[in-house]
Amino acid sequence: MLTLAGIKKTFDPGTPIEKHALHGVSLHLEKGDYVTVIGGNGAGKSTLLNTIAGTFFPDEGKITVDAVDVTNLHEHKRALYLGRVFQDPRAGTAADMFIEENLALAYRRGKSRTLRWHITAKERAMYRERLATLGLGLENRLTDKVGLLSGGQRQALSLLMATLREPRVLLLDEHTAALDPKTAKTVLDLTNQLVHENNLTTLMVTHNMRDALKNGNRIIMMHEGNLILDVKGEEKTNLTVPDLLKMFETASGEEMASDRMLLT
């Protein structure tokens, strides 16, 4: 479903601040894989997601989605295959537009656009039905502006928008990190619900080891632009945080003392 082959990315090459962000990363996700991605600051997690999303192109390597080569497709064209939720609840939605208008933009992604803007009764009924599954009462607020929503409500809406067209791959970029613990749990529960109901192939970057272990069927760890751990199935199910720390130290040759924040 998603394949990365030898992806390399360097920022500011040939300058004093040159940064090798990805060192020939290769990764394959099968249909329905739910992969959590962890690693310390500067490990390459967000660079990996941005490269997949088309925010920038890799220097070397190839990216395919459902056997389609998207390596050189610009972000807006790659969005036909991908859904994405950002860390900032304000990203990915239009604050000055109604909830139903935001959903319409997501639903019509990839379709021919005209000067005519009209949401049909059928579309509106579908939006109301899908919003009701979130359990947040948003189905009764279709004509409220998104800017009036709380951070958690807005992130839940972003999640619904990203999955409305059942993307080939769903990218979640620390999408609960900016929320308080209770709201973060609600959004993560909604994430699991939508991912499992639609069997979505998902790549979720998280700063929290416990969330990474609890969710998904596979976990990968990055360090200094390399993929150093890839654990799946029963082995992942039986992992504990101390196990994961030990595996990191063995694979990287370093202690994770500066990254204990990953446990919170």
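Residues numbered from 1 in each chain as written. Predicted model: local features only at pLDDT ≥ 70, side-chain atom pairs only at ≥ 80, totals over all residues. Heavy atoms only, no water.

1. Looking at helix α1 (residues 45–53)
Part 1 of the argument: With 8 of 9 residues buried, α1 is to be regarded as a mostly interior element.
Part 2 of the argument: Within the sequence span of α1, burial applies to K45, T47, L48, L49, N50, T51, I52 and A53.
Part 3 of the argument: Downstream of α1 by a residue or two, G54 has a phi angle that is positive, lying close to 90°. (Buried < 20%, exposed > 50% of the residue type's maximum accessible area, 1.4 Å probe, protein only. Helix = DSSP H or I, 4+ residues; strand = E, 2+ residues; numbered from the N terminus.)

2. Concerning the layout of surface pockets
Part 1 of the argument: Put simply, the largest pocket is a space of about 470 Å³.
Part 2 of the argument: Lining the largest pocket we find 22 residues, and of these A79, R84, F86, G92 and R109 sit closest to its centre.
Part 3 of the argument: Contributions of two or more residues to the lining of the largest pocket are made by α2 (75–78), β6 (82–85), α3 (99–107) and α5 (151–163).
Part 4 of the argument: Of the residues in the lining of the largest pocket, the class split is 12 nonpolar, 6 polar and 4 charged. (1 Å grid on protein atoms, 1.4 Å probe; cavity = no way out; pocket = protein on both sides within 12 Å on 5 of 7 lines; lining within 4 Å. Points joined across faces, edges and corners; volume = space filled by probe spheres on them. Nonpolar A, V, L, I, M, F, W, Y, C, P; charged D, E, K, R; others polar.)

3. Let's talk about the confidence of the model for the chain
Part 1 of the argument: Overall, the predicted model of the chain reaches an average pLDDT of 90, with 93% of residues at or above 70.
Part 2 of the argument: Under a pLDDT of 50 for its full length, residues 258–264 has, in the predicted model, 17 contacts with residues more than four places off or in other chains. (pLDDT = per-residue confidence, 0-100. Contact = heavy atoms within 4.5 Å.)

4. As for the sheet that holds strand β8 (residues 201–205)
Part 1 of the argument: The strand order β6-β7-β8-β3-β9-β10 describes an open sheet built from 6 strands, whose pairing is mixed. Across the chains shown, the open sheet's two edge strands, defined by having one partner strand only, are β6 and β10 (226–232). With strand direction ignored, the average angle separating the axes of adjacent strands in the sheet is 20°.
Part 2 of the argument: Of the pairings in the sheet, the one linking β6 to strand β7 (residues 169–173) comprises 4 bridges and is parallel in character. Residue pairing across strands places G83 opposite L170, the latter belonging to β7. (Pairing = 2+ DSSP bridges. Axes fitted to C-alpha atoms, helices over the stretch in contact; angles between N-to-C directions.)

5. Some details on the pattern of salt bridges
Part 1 of the argument: Within the structure shown, the criterion is met by 11 salt bridges.
Part 2 of the argument: Between R84 and D173 there is a salt bridge; the shortest N-O distance is 3.5 Å. Placement of R84 in strand β6 and of D173 in strand β7 is noted, with a sequence separation of 89 residues between them. The pair R84 / D173 is uniform in exposure class, with both members buried.
Part 3 of the argument: In this structure, R124 engages E100 in a salt bridge whose closest nitrogen and oxygen atoms are separated by 2.8 Å. Remark: E100 occurs in helix α3 and R124 occurs in helix α4 (residues 121–132); sequence separation between them is 24 residues.
Part 4 of the argument: Exposure remark for E100: the relative accessible area of 7% places this residue in the buried category.
Part 5 of the argument: The network of salt bridges with shared partners includes D33, R218 and D230. (Salt bridge = Lys/Arg side-chain N within 4 Å of Asp/Glu carboxyl O.)

6. What about the pairing of strand β4 (residues 60–65)?
Part 1 of the argument: Pairing of strand β1 (residues 2–11) with β4, which is carried by 5 bridges, proceeds in the antiparallel orientation. When the bridges of β4 are listed, A5 appears paired with K62.
Part 2 of the argument: For β4 and strand β5 (residues 68–69), the ladder comprises 2 bridges, and the chain directions are antiparallel. Counted as the bridge partner of T64 is D69 from β5.

7. Concerning the environment of L227
Part 1 of the argument: Among the secondary structure elements, L227 is positioned in strand β10.
Part 2 of the argument: Here the alpha-carbon distance between L227 and I52, two residues 175 residues apart in the chain, equals 15 Å.
Part 3 of the argument: Once you skip the residues sitting within four places of it in the chain, L227 turns out to touch V25, S26, L27, I220, M221 and M222.

8. As for α4
Part 1 of the argument: The terminal C-alpha atoms of α4 lie 17 Å apart, and with 12 residues this matches the ideal 16 Å at 1.5 Å per residue to within 8%.
Part 2 of the argument: Looking only at α4, the buried set comprises E123, Y127 and L131. Buried residues of α4 fall within an arc of 65° about the axis and therefore sit on the same side. Those residues of α4 that are exposed and angled more than 90 degrees off the buried face are A121, K122 and E129.
Part 3 of the argument: If you follow the buried residues of α4, they end up packed against α3 and α5. (Expected span 1.5 Å × (residues − 1). Arc of directions from axis to C-beta.)

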